[in-house]
Amino acid sequence: MIAQELHPRIIENKDWATALFILSIALVVVAKSLFENRFNDFVRLIVSDKYFKIYKESNHLLSGFNVLLFLVNLISLSFFIELALCAFLNLPKTDWILFVQIFTGLTVFILSKFLIEKIIANIFNVEELVELFNLQKVNFRTYLGLLLLPITVVLYYGNFATKTLFIVIISILLFVNLLTYFFSLKIYQNILFSKLFYFILYLCALEIAPYYFIYYLIRKN
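Residues numbered from 1 in each chain as written. Predicted model: local features only at pLDDT ≥ 70, side-chain atom pairs only at ≥ 80, totals over all residues. Heavy atoms only, no water.

Please explain the packing of aromatic side chains as it appears in this structure.
Geometrically, a pair of aromatic rings is defined through the distance of the ring centres and the angle of the planes. With the rule as written, the count across this model stands at 15 aromatic pairs. Between Phe21 and Tyr157, the ring centres sit 5.9 Å apart and the planes meet at 55°, which makes this aromatic pair tilted. Of this pair, Phe21 sits in helix α1 (residues 15-34) while Tyr157 sits in helix α6 (residues 127-157), placing them 136 residues apart in sequence. Judged by relative accessible area, which is 5%, Phe21 ranks as buried. Of the residues examined, Tyr157 reaches a relative accessible area of 35% and is grouped as partly exposed. Measuring from ring centre to ring centre gives 5.6 Å for Phe42 and Phe65, while their planes differ by 80°; the resulting arrangement is edge-to-face. Residue Phe42 is found in helix α2 (residues 36-43), and its partner Phe65 is found in helix α4 (residues 64-89); the two are separated by 23 residues along the sequence. Taken together, the ring pairs in this structure connect Trp16, Phe21, Phe79, Phe99, Phe103, Tyr156 and Tyr157 into an aromatic cluster. For the cation-ring pair, Lys93 lies above Tyr156, with the distance from its terminal atom to the ring centre recorded as 5.6 Å. (Phe/Tyr/Trp six-rings, centres within 6.5 Å; stacked < 30°, edge-to-face > 60°. Helix = DSSP H or I, 4+ residues; strand = E, 2+ residues; numbered from the N terminus. Buried < 20%, exposed > 50% of the residue type's maximum accessible area, 1.4 Å probe, protein only. Lys NZ or Arg CZ within 6 Å of the ring centre and 35° of its normal.)

As structure tokens, then:
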């Protein structure tokens, strides 16, 4: 007789990820349906400044449109972070607990940072400038989140992602984020120069220190 050895077939559960991707697409559809004109201007953000001219007031920061796309941004960025960790640390990308941890940590970090920014901006008397500055950042980063969503879908269901690919994507994201800072500073340079000292303190305290601290923790662990 020929001896037969049976091996268990490992089936990865990707249903939770599929549900979240569908939810993200649904949120984009809702945003487009409820704010059609604004959404059409928003998707042309990279080629036209019409969106900035129309929605330049700080009261647009917490609008329903931004909240919907902020949720999409959180989901796509959390997936991307999980996929990057899986590539560098050889972790399973179907670990939904890891995703929940990343999503929760990212949400707490962003919201806590936003609240602390409001408090410090009030103390330094640069609240108006900070709100306008944050509006520009939110617009650009939300746009990046939308672009990142299809990329994360392809990376999640494909098996071709490498460390080099993630390094390239992360480098591009960091470079684009730096460009958003310079673009925002250029727009509000007149207001900025009138309160330059306090704004530099704000940048050091809330735009440089938190990310350096996260980088230090990652390197340490």
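Next, the rest of the story.
Looking at this structure, how should I read the packing of α2 against α4?
For any two helices packed against each other, one specifies the inter-axial angle together with the distance between the axes. In contact at an axis separation of 11 Å, α2 and α4 are set at 55° when each is read in the N-to-C sense. Between α2 and α4, the angle is such that the two are oblique. In the packing of α2 onto α4, the handedness of the crossing is right-handed. On α4, the residues touching Arg38, Phe39 and Phe42 of α2 are Phe65, Asn66 and Leu69. Looking at side-chain class alone, the contact of α2 with α4 contains 4 nonpolar, 1 polar and 1 charged residues. (Axes fitted to C-alpha atoms, helices over the stretch in contact; angles between N-to-C directions. Parallel < 35°, antiparallel > 145°, perpendicular 65-115°, else oblique. Left-handed = near helix turned anticlockwise from the far one by under 90°. Contact = heavy atoms within 4.5 Å. Nonpolar A, V, L, I, M, F, W, Y, C, P; charged D, E, K, R; others polar.)

What's the story with α1 in this structure? I'm lost.
Because each turn of an α-helix spans 3.6 residues, side chains separated by three or four positions end up pointing in the same direction. With 20 residues, α1 extends 28 Å between its outermost C-alpha atoms, agreeing within 8% with the 28 Å of an ideal straight helix rising 1.5 Å per residue. Of the positions making up α1, those classed as buried are Trp16, Ala17, Phe21, Ser24, Leu27, Val28 and Ala31. Along the axis of α1, the buried residues cluster in a sector spanning 145°; they form a single face. Facing away from the buried side of α1, by more than 90 degrees, are the exposed residues Asp15, Ile22, Ser33 and Leu34. (Expected span 1.5 Å × (residues − 1). Arc of directions from axis to C-beta.)

Looking at this structure, I do not really get the confidence of the model for the protein chain. What am I missing?
Caution applies to low-pLDDT parts of the model: their predicted coordinates are not meant to be read in detail. For the protein chain, per-residue confidence averages 79 on the pLDDT scale, and 77% of positions sit at 70 or higher. Ranking the helices and strands of the protein chain by mean pLDDT puts α1 first, with 91, and helix α8 (residues 189-194) last, with 66. Note that residues 6-11 has pLDDT below 50 and, in this model, 0 contacts with residues that lie over four places away or in other chains. (pLDDT = per-residue confidence, 0-100.)

Could you clarify how one ought to interpret the nonpolar core in this entry?
One finds Phe42, Leu45, Phe65, Phe79, Phe80, Tyr156 and Phe166 to be the most contacted residues of the largest nonpolar core, which totals 34 residues. Of all the secondary structure elements, the ones that give two or more residues to this core are α1, α2, α3 (50-54), α4, α6 and α7 (163-187). At 10 residues, the largest contribution of residues to this core is made by α4. Not counting residues within four places of it along the chain, the set of residues in contact with Leu45 comprises Tyr51, Phe52, Asn139, Phe140 and Tyr143. (Core = buried A, V, L, I, M, F, W, Y, C linked by side-chain atoms within 4.5 Å.)

Honestly, unusual backbone geometry in this entry has me stumped. Any pointers?
Comment: phi is negative for the bulk of residues other than glycine, and the bulk of peptide bonds are trans. Its identity as a non-glycine residue notwithstanding, Asn90 has a phi of 60°, on the positive side. Locating Asn90 in the fold gives a position in the loop between α4 and α5 (96-124).

Looking at this structure, I do not really get the layout of surface pockets. What am I missing?
Gaps left between atoms show up when a probe the size of a water molecule is rolled over them. Considering only enclosed or pocket space, the second largest pocket measures out at about 310 Å³ in volume. Forming the walls of the second largest pocket are 15 residues, and the residues nearest its centre are Leu45, Ile46, Phe140, Val176 and Thr180. Elements with a minimum of two residues in the lining of the second largest pocket: α6 and α7. Here the element with the most residues in the lining of the second largest pocket is α7; it accounts for 5 residues. When the residues that make up the lining of the second largest pocket are grouped by side-chain class, the tally is 12 nonpolar, 2 polar and 1 charged. (1 Å grid on protein atoms, 1.4 Å probe; cavity = no way out; pocket = protein on both sides within 12 Å on 5 of 7 lines; lining within 4 Å. Points joined across faces, edges and corners; volume = space filled by probe spheres on them.)

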